[in-house]
Amino acid sequence: MDKTSQHWLKRIRSSNKPAYLLIADLIAEDVRSGRLSPRDRLPALRDLADALELNYTTVARGYAEARKRGLIDARAGMGTFVRGSTPGMALRGGSAAEMTMNLPPEPQDPALLAHLRDSAAQLMAQSDWNDLLRYQDFGGTRDDRAAGVHWLRQRLPLCAVERVLVCPGIHSALTALVSLLARPGETICVESLTYPGIKAIAAQLGVQLHALPLDDDGPSADAFEHACKTLKPRALYCNPTLLNPTTGTVTRARREALADVALRYAIPIIEDDAYAMLPPEVPPPLAALAPALTYYIGGLSKCFGAGLRAAYVHAPGPRQAERLAGALRATTVMCSPITTALATRWITDGTAEAMLQAIRAESVARQASAARLLAGHALRAQPESFHFWLPLSSDWSMVEFASNLRAQGVAVVASAAFSTDGTPPDAVRVCLGGPMSREDCDIALRLIADTLEHPVHPHLHVM
């Protein structure tokens, strides 16, 4: 027996703690101390059981507990490996490529950046600062809501000002909507791969998520109808355009089918259309197909900048807008009047449209680079999106691949972050935006391609 096995055996003999829990504790301790490293291979269950003088079931429970804590990863036919931990990467500065945060690319057009500075300075110079520093009526002033109508009408032509609320970001709108529509223990239907924020919101509010299978057309309408019959969900949440993470866009026929089910069972729809402005053409929103049931959400974080926390919700009717305003007031108090004033100025004077065009053009250029540098790999992408979905071959698990890239200075997100059905595919989401230059983006993409083509095999047994 080597020293590590002897150490574990000694600890197990001297402890009153259940052995299966202690196995997980010991793995965590050895990772922290450096005795175990990421991708080290652990012994087979029977070998470890013999070494530690335990039965097979106890060791199996110990590995299961370690997997639950995110310490190890097991792959059929290959064994069990240490996941370990890797250092966080700064969003800005340094040479690391932060490709986890789904930020739009930052346009470097000097004239556009100068216009942003000048228009912001003019607004601040012309504003009543006492007014901007007071509490405001929730939902925005009529001018702010009119700006929201102007923005949303690009995708929702029948948008009405009395049904629009201004919110401090899409995430805050989702939090208020989930709290309004579902009580703890109740269910909302979602895509089987979906925006991680809705998972976090549901967990915080005690709301259950029911996963709808995805195909190339979008979430299954048949599965949605079955859920309506058997689970009585309180709402359907969907991200129908350039789905985060897969970039899929729900087809018109599937949108019509989902809307039909929602109408027949009177199920409210939360339509998170954060990316809808990026493609030049998209199918009509669910809000146009089921207007009496749909809360349509659009904003500026994905087509202007994540720091501009301004979003707009178009409610099914004035009464629902009033109820939502109460939920938003309870969760966020109000939008920042300064931020909202900037958003309103930039929408009304055309700056937001110019920024959208610049982000769209830069996204197209970066996606073209990704398609060229990752040719031969099954990436799923759309030209105007600034993220793509990368299914992995059998050479890699999602955790091994993401950990290996992070160790090389490139951070991507494993599919488990997006999964709502407990069976994430081996895939990662890669973001092309944020503060990276186009050159730095290309360097990171070349590293991803090289890693795909030359897998690093995990270490051999260490015990």
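For the structure itself, consult the block above.
Reference entry: report on the structure contained in this document. What you see is a predicted model, and the numbers here were worked out from it, not measured in a lab.

About the thresholds
Residues numbered from 1 in each chain as written. Predicted model: local features only at pLDDT ≥ 70, side-chain atom pairs only at ≥ 80, totals over all residues. Heavy atoms only, no water. Phe/Tyr/Trp six-rings, centres within 6.5 Å; stacked < 30°, edge-to-face > 60°. Helix = DSSP H or I, 4+ residues; strand = E, 2+ residues; numbered from the N terminus. Buried < 20%, exposed > 50% of the residue type's maximum accessible area, 1.4 Å probe, protein only. Lys NZ or Arg CZ within 6 Å of the ring centre and 35° of its normal. Salt bridge = Lys/Arg side-chain N within 4 Å of Asp/Glu carboxyl O. Pairing = 2+ DSSP bridges. Axes fitted to C-alpha atoms, helices over the stretch in contact; angles between N-to-C directions. Contact = heavy atoms within 4.5 Å. Lys, Arg positive; Asp, Glu negative; His and termini not counted. Polar contact = N/O pair within 3.5 Å; in protein donor to acceptor, adjacent residues only side chain to side chain. Parallel < 35°, antiparallel > 145°, perpendicular 65-115°, else oblique. Left-handed = near helix turned anticlockwise from the far one by under 90°. Nonpolar A, V, L, I, M, F, W, Y, C, P; charged D, E, K, R; others polar.

Under the defined criterion, the tally for this structure stands at 4 aromatic pairs. Ring geometry for Trp389 versus Phe418: centroids 6.0 Å apart, planes at 80°, classification edge-to-face. Of the two residues, Trp389 sits in strand E14 (residues 387-391) while Phe418 sits in the loop between strand E16 (413-414) and strand E17 (427-431), which places them 29 residues apart along the sequence. As far as the burial class goes, Trp389 and Phe418 line up, both buried. Ring centres of Trp396 and Phe401 lie 5.6 Å apart, and the angle between their planes is 70°; on these two criteria the pair is classed as edge-to-face. Each member of the pair, Trp396 as well as Phe401, carries the same accessibility label: buried. One Lys or Arg, Arg46, reaches over the ring of Tyr56 and ends 4.5 Å from the middle of that ring. Across from the ring centre of Tyr20, 3.8 Å away, lies the NZ or CZ of Arg61, which sits over that ring.

Turning next to the pattern of salt bridges. Pairing is possible between side chains of opposite charge, provided their charged atoms come close. Inspection of every chain in the model, using the stated rule, returns 13 salt bridges. A salt bridge links Asp25 to Lys17, with the shortest nitrogen-to-oxygen separation between them at 2.4 Å. Given a relative accessible area of 38%, Lys17 falls into the partly exposed group. Note that Glu256 and Arg252 form a salt bridge whose closest N and O atoms lie 3.0 Å from each other.

Here 7 strands make up an open sheet; going across it, the order is E5-E13-E12-E11-E10-E6-E7 and the pairing mixed. Among the strands making up the open sheet, the edge pair consists of strand E5 (164-167) and strand E7 (208-212). Along the sheet, successive strands turn relative to each other by an average axial angle of 20°, direction set aside. Inspection of the sheet shows E5 paired to strand E13 (residues 311-314) by 4 bridges, in the antiparallel sense. Of the residues in E13, the one forming a bridge with Val166 is Tyr312. Contacts between helix H8 (residues 170-181) and the sheet are confined to E5, strand E6 (187-191), strand E10 (235-238), strand E11 (269-272), strand E12 (294-299) and E13, with E12 contributing the most and set at about 165° to the helix. This element, helix H10 (residues 221-230), spans E6, E7 and E10 of the sheet and lies at about 145° to E7.

So, about the side chain of Glu271. Looking at the secondary structure, you find Glu271 in strand E11. Here Glu271 occupies a buried position and makes no salt bridge, while the nearest side chain of opposite charge, Arg255, is found at 4.2 Å. Separated by 2.9 Å, the side chain of Glu271 and the backbone nitrogen of Ala287 make a polar contact.

Strand order across the open sheet formed by 3 strands is E14-E17-E16, with antiparallel pairing between neighbours. The open sheet has two free edges, formed respectively by E14 and E16, since each of these has just one partner strand. As judged from the 5 bridges shared by E14 and E17, these two strands associate in the antiparallel manner. Looking at the pairing, Trp389 lines up with Arg429 of E17.

Relative orientation of the contacting elements helix H2 (residues 19-33) and helix H4 (residues 56-68) amounts to 45°, with a least axis distance of 7 Å. The angle between the axes of H2 and H4 places the two elements in the oblique class. The interaxial crossing formed by H2 with H4 has right-handed handedness. Where H2 approaches H4, its residues Ala19, Tyr20, Leu21, Ile23, Ala24 and Ile27 are matched on the opposing element by Thr58, Val59, Arg61, Gly62, Tyr63, Glu65 and Ala66. Of the residues in the contact of H2 with H4, the class split is 9 nonpolar, 2 polar and 2 charged.

Right, let's get into unusual backbone geometry. Residue Glu53 is not a glycine yet carries a positive backbone phi of 60°. Note on placement: Glu53 falls in the loop between helix H3 (45-52) and H4. In this structure, Leu242 takes a positive phi of about 50° despite not being glycine. One can find Leu242 in the loop between E10 and helix H11 (252-265). The buried category is assigned to Leu242, whose relative accessible area is 1%.

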